[in-house]
Amino acid sequence: MCQHQTPCPSAEAIDREAARTVSTCREQGWSLLCNGVIVFEDTGEILPDGAVIEPHRGPARHALAA
């Protein structure tokens, strides 16, 4: 899918979130990447094959400082 020179990571790659943003809907909290992945503000993802990746953000920084 990606037509960029130095292609972006594929949807199957571990670093798939590093692909360039094609479209964003800030009101709904999602972005479409050039590799076909939809990423959400809560860090969840939908892959092009329909697979769902659960949100995977780490603990809040203030919780780690305690």
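Residues numbered from 1 in each chain as written. Predicted model: local features only at pLDDT ≥ 70, side-chain atom pairs only at ≥ 80, totals over all residues. Heavy atoms only, no water.

K.L.:
Is there a simple way to explain the overall build of the protein chain in this structure?
P.N.:
Scanning the protein chain from terminus to terminus reveals one helix and five strands. Helices and strands in the protein chain line up, N terminus first, as β-β-β-β-β-α. Classification of the 66 residues of the protein chain by burial places 27% in the buried group. A separation of at least 24 residues holds for 20% of the contacts in the protein chain among residues at least 6 apart in sequence. About 5000 Å² of surface is accessible on the protein chain, with carbon and sulfur atoms providing 54% of the total. (Helix = DSSP H or I, 4+ residues; strand = E, 2+ residues; numbered from the N terminus. Buried < 20%, exposed > 50% of the residue type's maximum accessible area, 1.4 Å probe, protein only. Contact = heavy atoms within 4.5 Å. Areas by Shrake-Rupley, 256 points an atom, 1.4 Å probe, with all protein chains shown as cover.)

K.L.:
Teacher, can you tell me more about the side chain of Glu 45 here?
P.N.:
Mapping Glu 45 onto the fold places it in strand 4 (residues 45-46). Given the relative accessible area of 2%, Glu 45 is considered buried.

K.L.:
Explain the pairing of strand 1 (residues 21-25) here, please?
P.N.:
Each regular strand carries side chains that alternate between the two faces of the sheet. By the bridge criterion, four bridges tie strand 1 to strand 2 (residues 30-33) in an arrangement that is antiparallel. The residue of strand 2 that forms the bridge with Cys 25 is Trp 30. From the end of strand 1 to the start of strand 2, which pair antiparallel, there are four residues, and Gly 29 there has a positive phi angle of about 80°. (Pairing = 2+ DSSP bridges.)

K.L.:
What am I meant to see in the environment of Ala 19 here?
P.N.:
With respect to the helices and strands, the residue Ala 19 is situated in the segment before strand 1. Expressed as a C-alpha distance, the spacing of Ala 19 and Pro 7, which sit twelve residues apart in the sequence, is 8.5 Å. Leaving out residues up to four positions away in the same chain, Ala 19 has contacts with Cys 8, Pro 9, Leu 33, Cys 34 and Asn 35.

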